[in-house]
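Letter by letter, the chains look like this.
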Amino acid sequence: MNVALVFNLREESVNDDEPPSQPPSENTDDIYAEWDDINTIAAVEAALSTRHQVTLINADLDAFNKLRELKPDLVFNIAEGLHGASREAQIPALLEMLQIPYTGSDPITLGLCLDKQRTKEILKQHRVPSPRFWIVANPLEIPRNLRYPLMVKPCLEGSSKGVTNNALVYNRKELVHQLEWITATYAQKAIIEEFLPGREFTVALLGNGADIEVLPIVEINFSSLPAGCNPIYSYEAKWVWDTEASPLQIFNCPAKLDPFLQQQIEQLCRKAFRALACRDWCRVDLRLDVLGRPQVIELNPLPGILPRPEQNSCFPKAARAAGLSYTEMILQVVDIASQRYNLVQEFRDESRNLL
């Protein structure tokens, strides 16, 4: 097949070494945190090239015309976008206008999963356990009689943007400070979320319908964090303290779980996947409550896929634990999407017609 790889390239000049502390601008430190570096893009291209003809397309303002001219058989979409609450949905929406098949979830699901409020509302409707939450725009909207500690996050960010070590707050003063920082830095509402004190997991899923495969579960090892840090997978834990030169031993995969808890987590992830109408692949983050029951924190239908093991990327780590190489993981996503579009049958029919 002719496969177009559509991506957002992170500029090497962007500084990811510190969490942001100033109001948003084109120079905000984490503005490109969701984008992929050249090594990831090259690794995905190399994987796709083992079986397909590959064309690289940067998801910029010229992407529509390039895709319209190229008319690929399939787009492998890892574009995150930059502006707006629907930024992850922009490329899939263009592809649907052009009637070009693509990997991953549709624009509606991508928009919903980026919006933590809407995600939680849908999970609640489908009776998928998730921490209690409140959406606030300023300190006057903070409910009274909250029980601490609590998590405070931006409503519309991914890749742990805005979820610094200070996101876990222990009193109203800290809550107000974090809320004001989020609204000033990201120009959006904050979500206040009940903090679950138990173990944390992230779960990679591949497939659709009745064929959703749960890969080996990854547990977050908070004991690997620097002394005095909060037990959360923060921006610092993901992008600052954990480096290729000195990687944290932050993941345990497969996680050590008793069979009943593992079954609970797998069933819950499949249910969340279906509730948000995810397609092909997704990563689900969960945490155990005070009684040891798993609850869904959020879904990531555009999961990070850093290629090298020392980069501590959850989805590839789970795939490797399942016996899949990086190339096999990428090709499996293509195969799953191709099956959903019946592309395999179409190419078989075309081959017969040429005989």
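The structure presented is a predicted model; accordingly, all values stated were derived computationally and were not measured.

## Some thoughts on the UniProt feature "domain: ATP-grasp" (unreviewed entry) in the protein
Per the UniProt entry, the sites bearing "domain: ATP-grasp" (unreviewed entry) are residues 120-335 in this numbering. Helix makes up 29% of residues 120-335 and strand makes up 22%, while its end C-alpha atoms are separated by 30 Å.

## A look at the pattern of salt bridges
If charged atoms from side chains of opposite charge come close, those side chains can pair. A complete count under the given rule lists twelve salt bridges for this structure. Its salt-bridge partner being Arg132, residue Glu194 comes within 3.7 Å of it at the nearest N-O pair. Separated by 62 residues along the polypeptide, Glu194 in strand S7 (residues 190-194) and Arg132 in the loop between helix H5 (116-125) and strand S4 (133-136) bring together distant segments of the chain. Assessed through its relative accessible area of 23%, Glu194 is described here as partly exposed. Between Arg287 and Glu200 there is a salt bridge, with its nearest N and O atoms 2.8 Å apart. Pair noted here: Arg287 is in strand S12 (residues 280-288) and Glu200 is in strand S8 (residues 200-207), with a separation of 87 residues, a long-range link.

## Quick notes on unusual backbone geometry
Between Tyr148 and the following residue, Pro149, the backbone shows a cis peptide bond with an omega angle of 0°. Relative to the assigned elements, Pro149 resides in the loop between S4 and strand S5 (150-154). Note the cis peptide between Cys253 and Pro254, where omega equals 0°. Within the secondary structure layout, Pro254 lies in the loop between strand S11 (251-252) and helix H8 (259-275). Although it is not a glycine, Lys71 adopts a positive phi angle of roughly 50°. Within the secondary structure, Lys71 is located in the loop between helix H2 (63-70) and strand S3 (74-77). In this structure, Asn342 is a non-glycine residue whose phi angle is positive, near 60°. Mapped onto the fold, Asn342 is located in the loop between helix H10 (326-341) and helix H11 (343-354).

Basis of the calculations
- Residues numbered from 1 in each chain as written.
- Predicted model: local features only at pLDDT ≥ 70, side-chain atom pairs only at ≥ 80, totals over all residues.
- Heavy atoms only, no water.
- UniProt positions renumbered as here; feature names shortened; annotations may be inferred.
- Helix = DSSP H or I, 4+ residues; strand = E, 2+ residues; numbered from the N terminus.
- Salt bridge = Lys/Arg side-chain N within 4 Å of Asp/Glu carboxyl O.
- Buried < 20%, exposed > 50% of the residue type's maximum accessible area, 1.4 Å probe, protein only.

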